[in-house]
Amino acid sequence: MILSDICEFIVDCPHSTAPDEGSGYPLVRTPNIGKGRLILDGVHRVSEKVYIDRTQRGIPQDGDLIFAREAPAGNVALVTNGEKVCLGQRTVLIRPKQKEVNPEYLVYYLLAPQQQYELLGTANGATVAHVNLPVIRNLPINIPERGVQDKIAHILSSFDSIIENNQKQIKLLEEAAQRLYKEWFVDLRFPGYEETEFVDGTPSGWNEGSLGDVSVFKRGKTITKAQVQEGNVPVVAGGLEPAYYHNKANTVAPVITVSGSGANAGFARLYNTDVFASDCSYVDSNTTPYLYYVYCFVKDNKSSLDALQKGAAQPHVYAKDINALKMMVPTTEIIKRYCEVASPYFEKIKSLQKMMKNAQQARDRLLPKLMNGEIEV
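The rules behind these values
Residues numbered from 1 in each chain as written. Predicted model: local features only at pLDDT ≥ 70, side-chain atom pairs only at ≥ 80, totals over all residues. Heavy atoms only, no water. Core = buried A, V, L, I, M, F, W, Y, C linked by side-chain atoms within 4.5 Å. Buried < 20%, exposed > 50% of the residue type's maximum accessible area, 1.4 Å probe, protein only. Helix = DSSP H or I, 4+ residues; strand = E, 2+ residues; numbered from the N terminus. Contact = heavy atoms within 4.5 Å. Pairing = 2+ DSSP bridges. Axes fitted to C-alpha atoms, helices over the stretch in contact; angles between N-to-C directions.

**Describing the nonpolar core**
Now for step 1: Counting residues in each nonpolar core, the largest one holds 49 residues, and the members touching the most others are L211, F217, I256, Y293, I322, Y338 and F346.
Now for step 2: At the level of elements, α5 (146-186), β15 (255-259), β16 (268-271), α6 (291-300), α8 (319-323), β19 (326-329) and α9 (332-371) are the ones that each hand at least two residues to this core.
Now for step 3: It is α9 that provides the largest number of residues to this core, a total of 11 residues.
Now for step 4: Every residue in contact with F346, bar those within four places of it in the chain, is listed here: A177, L270, N272, Y292, Y295 and C296.
Now for step 5: In terms of nonpolar packing, the next biggest core, distinct from the first, is built from 34 residues, I6, L78, I94 and I136 among them.

**Observations regarding the sheet that holds strand β8 (residues 91-96)**
Paired through their backbone hydrogen bonds, the strands of a sheet run either parallel or antiparallel.
Now for step 1: The mixed open sheet is built from 5 strands, whose spatial order is β1-β8-β5-β6-β3. The sheet terminates laterally at β1 (7-12) and β3 (36-37), the two strands that pair on one side only.
Now for step 2: Where β1 meets β8, 5 bridges bridge the pair, whose relative direction is antiparallel. By the bridge assignment for β8, F9 is matched with R95.
Now for step 3: Packed onto the sheet, helix α2 (residues 103-111) meets β3, β5 (65-68), β6 (76-78) and β8 and runs at close to 165 degrees relative to β6.

**Concerning the sheet that holds strand β18 (residues 280-284)**
Now for step 1: Taken in spatial order, the 4 strands line up as β12-β18-β15-β16 in an open sheet, and their pairing is antiparallel. On the outer flanks of this sheet lie β12 (218-219) and β16, each paired with one strand and no other.
Now for step 2: In terms of strand pairing, β15 meets β18 through 5 bridges, oriented antiparallel. Residue V255 lies in a different strand from β18, and its bridge partner there is D284.
Now for step 3: α6 contacts β15, β16 and β18 of the sheet and is inclined by roughly 155 degrees relative to β16.

See the structure below:
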């Protein structure tokens, strides 16, 4: 039996690029396809017209799988919660026959080591960078009866539920920190503002300047996959997720990264673990004591970061341009005070991220054992 035997259809994406329109329907590109779940933070969005055009071969619905043919090849995620998405380039829509197959089980099955080897391996043991549609459709399948599928899916999805719940909490905590930033530094309702003298709308002691006056971003050291030594240190390049993993870091957590090139140029992220900053700009705890303030500034000024992109074929954001972003520089006292007040939000985020990592590791340890029958259910 092959994969297409247990699916209603397996269809390729439209072979065209849809530009980010800023609002509308999520456009699922390969960086948005995680291991089991879609990653919709920072997702590109398109109009209804583009959505209709890109769903002519099949409208993604709950229980469908979206497979990444490239970068990262082999990742597969489940469509859930009625999310109306459409396919970006190098993706495949898989609709299982749900009377025979539990969609969640199929996601985990395709992510198991044996199936990943069948999809990504070559005769000489190397890993392919691109998975062709016939390879996906003709993947050999050997799955248990539906009741066993349901039990395995329930066990593994419980870990993903923990991860999803923590992600929701993290989003709320980040929003709280961002609201506080806006209240203090945009609306100028910082502690003591009532007694502060304002001159032409500017608080006394605040001065016109640039981000580089508060914290200086540096350029990462580009490293390719062929150059890394296997380890658990994320290599941060131009994507939403780490490109791969190295055995050493060149930053000290916490670290703010801003993607340097590609479709996600200008995307900012805060890492609570040491990372290897590659094709990105970064600032870390060795560089500034005001990381939380700087992070909220760059998140609040995303449109300004987007405007920094240079280059038609390969958009790029440079560290020197980030440092030159204009801003009204607050007093050191008020920046320090903000970091103190916001710190509990970010410490809770750090704790939740650690829980997520533990859940992910437990799921990944169980996955092959459940799939090969080493653990009975």
